[in-house]
Amino acid sequence: MQDLHLLRAPLAMNGAPDRSALAAMAVAGADVAGGTRRGNRHGSVNQDSFIFQKVASSSGAVLHVLGVFDGHGMLGEVASLMARETLKKLCHKGPLLDGKSLADSFLAEPMPAMTALFSAMQAQVLSAHEKPPSKYTYQDGSYVWKLHVDDPEHPRDYVDENQVHVAIDFGCTATVVVVLPTGIVTGNVGDASAFLVTSRGRKPQVTLDGVEALSVLHRPDNPDEQARIRRDYPGAALFEDGYLCPVSSPVLADYQINITRSLGHKHFREIGVSPEPYVAMHYLPCGKDYVITLVLCSDGLTDEITPQRIGELAAAASSAKGLVEEMTSLAHSLGKAAGDADDVTAVVLRIVYPG
């Protein structure tokens, strides 16, 4: 890509601009927005949540923290909100690594910091299993299930009016991106996604240069995940329709799940649903007349819109807010037309370099 520079170290030669300083200024002034649209699967409940925060290090460096969380199944919205609130608290109060703030932790050790962040979110979502709502109504399409805990002092199951017991087990997918002055560190579990879109020029002459996936889809049809589960979890069954099911657990005898990594899930960990995130470091593109767009989204968006289309919409966008509204509205409309609209959430960060 012409005039595109990957920032690995400060560049200031023969009086040329320091591109790291240029990137740092552009990151500090980035345009950020997020939004969500409730689907029709769970009544009035939206199981998605999102966050975008600007934080500063002790040295004054500006970082952006972006996150999308997608709860699934019973109490999925509890997991999603718990993960988001944990990240929000760490942004404002910390500490994360060795007593350091979140911003200082990511500047010092980006990838260990992301792993520690996911561990902190996992601990809080698991702790929520010990204090679930005493009464809970779960809606799946037209089916409404009214439940109460079996033992308020030591809740293990929900029980319905027919005394059917349901294991208290819930979780959420997550994708988190931290934008540093000259780089991007990403982490994800499940099928919430992150993309880096690079375009060049200004309207009406805009060129889409590329769309790069920054996340991994942790689903049962992922060959690496299949190999991991078959190797380490003989009590799990992988089916061709894309679901992971227990075959030896009396607690989860009637359950199935279509992801292989997630925050939470006290019981599904027994069959390989892991909270361990995929973590990676990416250099931040920087170039004359470039627009760098980060898109984080739940699977409600990617199930309806291809990465190529996301890239085209990003290249044509004039603002982060406009792009969020266009993508979530389009995905919601497509899902609704098909009769099954999932919750749709997106967070967008745009960095515009001068021409």
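Located above this text is the structure these notes cover.
Values in this document were obtained by computation on a predicted structure and should not be read as measured data. (Residues numbered from 1 in each chain as written. Predicted model: local features only at pLDDT ≥ 70, side-chain atom pairs only at ≥ 80, totals over all residues. Heavy atoms only, no water.)

**Examining the overall build of the chain**
- Looking only at helices and strands, the chain features eight helices and 19 strands.
- For a compact globule of 355 residues, the expected C-alpha radius of gyration is about 20 Å, and the chain comes in at 21 Å, within 12% of that figure.
- With the C-alpha coordinates aligned to their principal axes, the bounding extent of the chain is approximately 75 × 50 × 35 Å.
- Every one of the 355 residues in the chain was classed for burial, and the buried ones make up 52%.
- Across the chain, contacts joining residues at least 24 apart in sequence account for 66% of those joining residues at least 6 apart.
- In the form shown here, the chain has an accessible surface area of approximately 16,000 Å², with 50% of it arising from carbon and sulfur atoms.
- A gap of 7 Å separates the mean positions of the 30 positive and 41 negative side-chain charges of the chain. (Helix = DSSP H or I, 4+ residues; strand = E, 2+ residues; numbered from the N terminus. Rg over C-alpha atoms; globule rule 2.2 N^0.38 Å. Buried < 20%, exposed > 50% of the residue type's maximum accessible area, 1.4 Å probe, protein only. Contact = heavy atoms within 4.5 Å. Areas by Shrake-Rupley, 256 points an atom, 1.4 Å probe, with all protein chains shown as cover. Lys, Arg positive; Asp, Glu negative; His and termini not counted. Charge placed at Lys NZ, Arg CZ, Asp CG, Glu CD.)

**Topic: the environment of D299**
- Mapped onto the elements of the fold, D299 is located in helix α6 (residues 299-302).
- Through-space distance from the C-alpha of D299 to that of L217 is 9.8 Å; in sequence the pair is 82 residues apart.
- Among all residues touching D299, those that are not within four sequence positions of it are D70, D191, R219 and D342.

**What about the pattern of salt bridges?**
- Taken as a whole and assessed by the stated rule, the structure comprises 13 salt bridges.
- Where D342 meets R41, a salt bridge forms, and the shortest distance between an N and an O atom there is 3.5 Å. With D342 in the loop between α8 (320-337) and β19 (344-352) and R41 in the loop between β2 (31-37) and β3 (48-56), this pair connects stretches of sequence that are 301 residues apart.
- Residue classification places R41 among the partly exposed residues on the basis of a relative accessible area of 28%.
- One salt bridge in this structure joins K266 and E130, with 3.2 Å as the shortest N-O distance. Taken together, the residues K266 in the loop between β15 (263-264) and β16 (278-283) and E130 in the loop between α4 (110-127) and β5 (135-140) connect sequence positions 136 residues apart. (Salt bridge = Lys/Arg side-chain N within 4 Å of Asp/Glu carboxyl O.)

**Focus: the pairing of strand β18 (residues 290-297)**
- Of all eight residues making up β18, eight are buried, and the element is well covered by its neighbours.
- Neither face of β18 is open: one carries Y290, I292, L294 and L296, the other V291, T293, V295 and C297, and all of them are buried.
- Pairing of β18 with β19 involves seven bridges; the strand directions are antiparallel. Within the sheet, the bridge partner assigned to I292 lies in β19 and is I351. (Pairing = 2+ DSSP bridges.)

**Some points on the nonpolar core**
- Grouped together as the largest cluster of nonpolar side chains are 42 residues, with contacts concentrated most on L87 and F106.
- The dominant element in this core, judged by the number of residues it contributes, is α4, at six residues.
- When residues no more than four places from it in sequence are discounted, the contact partners of F106 are L63, L96, A113, M114, L117, V178, L180 and V185.
- Of all hydrophobic cores here, the second largest spans 22 residues; its members include A26, Y290, L296 and I351. (Core = buried A, V, L, I, M, F, W, Y, C linked by side-chain atoms within 4.5 Å.)

**A word on the sheet that holds strand β7 (residues 157-159)**
- Ordered in space as β5-β6-β7-β8, the four strands form an open sheet in which the pairing is antiparallel. Strand pairing shows two members of the sheet lacking a second neighbour, β5 and β8 (165-167), which therefore form its edges. The mean angle between the axes of side-by-side strands here comes to 40 degrees, regardless of whether they run parallel or antiparallel. (Axes fitted to C-alpha atoms, helices over the stretch in contact; angles between N-to-C directions.)

**Structural notes on the packing of helix α2 (residues 76-92) against α4**
- Remark: α2 packs on α4, axes separated minimally by 9 Å, with the N-to-C direction vectors making an angle of 135 degrees. One element, α2, and the other, α4, form an angle in the oblique class. In this structure, α2 meets α4 at a crossing whose hand is right-handed. Contacts between α2 and α4 involve A79, M82, A83, T86, L87 and L90 from the former and L117, A120, M121, Q124 and V125 from the latter. (Parallel < 35°, antiparallel > 145°, perpendicular 65-115°, else oblique. Left-handed = near helix turned anticlockwise from the far one by under 90°.)

**Observations regarding the packing of aromatic side chains**
- Taken as a whole and judged by the stated rule, the model has four aromatic pairs.
- Between Y136 and Y138 the ring centres are 6.5 Å apart and the planes differ by 15 degrees, which places this aromatic pair in the stacked class. Each member of the pair, Y136 as well as Y138, carries the same accessibility label: buried.
- Between Y136 and Y158 the ring centres are 6.0 Å apart and the planes differ by 20 degrees, which places this aromatic pair in the stacked class. In this pair, Y136 is assigned in strand β5 and Y158 in strand β7, connecting sequence segments 22 residues apart. The residues Y136 and Y158 share a single accessibility class, namely buried.
- A network of ring pairs unites the aromatic residues Y136, Y138 and Y158 as a single cluster. (Phe/Tyr/Trp six-rings, centres within 6.5 Å; stacked < 30°, edge-to-face > 60°.)

**Brief notes about the packing of helix α7 (residues 307-316) against α8**
- Following both chains from N to C, one finds α7 and α8 inclined at 145 degrees, their axes separated by 10 Å at the closest point. Both α7 and α8 take part in a crossing whose hand is right-handed. Between α7 and α8, the residues in contact are I310, L313 and A314 and L323, E326, M327 and L330, respectively.

The analysis is restricted to geometry; functional conclusions fall outside its scope.
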